[in-house]
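Understanding the architecture of this molecule
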Amino acid sequence: VLLLSLYVIVSLAVEFTLELPPAAREMMQYIDWGVCSVFLLDFCLRLARAPSKAKFMRWGWVDLLSCIPVNAFALG
């Protein structure tokens, strides 16, 4: 999960600073959806194992936000 987090940071930096060809941008979006799926699975497993769900969610909601792909709300 740590390596995927680092990938997301680098990917965001590249995507927002460089002009990428459409095919490369599309590929990065598919990878982002895959990474976010792994983050969601990790979140669900840790929530299920948490002794106190309410206590987990005090900071767990931040992890839940990481499950949202960058382009989830893009309109074009």
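On a predicted model such as this, the values are computed, not experimentally measured, just so you know.

1. Some details on the overall build of the protein
Looking only at helices and strands, one finds three helices and zero strands in the protein. Starting at the N terminus, the α and β elements of the protein follow one another as α-α-α. In terms of C-alpha radius of gyration, the protein reaches 14 Å, well past the compact-globule figure of 11 Å for 76 residues. Counting over 76 residues, the protein shows a buried share of 21%. Put simply, 58% of the contacts in the protein that link residues at least 6 apart link residues at least 24 apart. Working note: accessible area of the protein is about 5800 Å², and carbon and sulfur atoms make up 74% of it. When the 6 basic and 6 acidic side-chain charges of the protein are each reduced to a single mean position, those positions are 20 Å apart.

2. Some details on the environment of L20
By secondary structure assignment, the location of L20 is in the loop between α1 (2–17) and α2 (22–49). Assessed through its relative accessible area of 16%, L20 is described here as buried. Each residue touching L20, except ones within four places of it in the same chain, is listed here: V14, E15, R25 and M28.

3. Considerations on a nonpolar patch on the surface
Together, W59, W61, V62, L65 and I68 give the surface a local cluster of nonpolar side chains, amounting to about 550 Å² of exposed area. By secondary structure assignment, the location of I68 is in the segment after α3 (53–65).

4. Let's talk about the packing of aromatic side chains
Within the structure shown, the criterion is met by one aromatic pair. Ring centres of F43 and F56 lie 5.7 Å apart, and the angle between their planes is 45°; this geometry places the pair in the tilted category. Within this pair, whereas F43 is found in helix α2, its partner F56 is found in helix α3, the two being separated by 13 residues in sequence. A relative accessible area of 5% places F43 in the buried class.

5. As for the pattern of salt bridges
Throughout the structure, instances matching the rule amount to three salt bridges. Ionic pairing is found between R25 and E15, a salt bridge with its closest N-O pair at 3.4 Å. On the criterion of sequence distance, the pair formed by R25 in helix α2 and E15 in helix α1 is long-range, its members being ten residues apart. If you follow the salt bridges from partner to partner, you end up with D42, R46 and D63 in one network.

6. Comments concerning the environment of V1
Inspection of the secondary structure assignment puts V1 in the segment before α1. Between the alpha carbons of V1 and W59 there is a distance of 17 Å; along the sequence they are 58 residues apart. Not counting residues up to four positions away in its chain, the partners in contact with V1 are F39 and D42.

Analysis parameters
Residues numbered from 1 in each chain as written. Predicted model: local features only at pLDDT ≥ 70, side-chain atom pairs only at ≥ 80, totals over all residues. Heavy atoms only, no water. Helix = DSSP H or I, 4+ residues; strand = E, 2+ residues; numbered from the N terminus. Rg over C-alpha atoms; globule rule 2.2 N^0.38 Å. Buried < 20%, exposed > 50% of the residue type's maximum accessible area, 1.4 Å probe, protein only. Contact = heavy atoms within 4.5 Å. Areas by Shrake-Rupley, 256 points an atom, 1.4 Å probe, with all protein chains shown as cover. Lys, Arg positive; Asp, Glu negative; His and termini not counted. Charge placed at Lys NZ, Arg CZ, Asp CG, Glu CD. Patch = residues over 30% accessible without salt bridge, like charges linked within 9 Å, V, L, I, M, F, W, Y side chains within 5 Å. Salt bridge = Lys/Arg side-chain N within 4 Å of Asp/Glu carboxyl O. Phe/Tyr/Trp six-rings, centres within 6.5 Å; stacked < 30°, edge-to-face > 60°.

Keep in mind that these numbers describe shape and distance, not what the molecule does.
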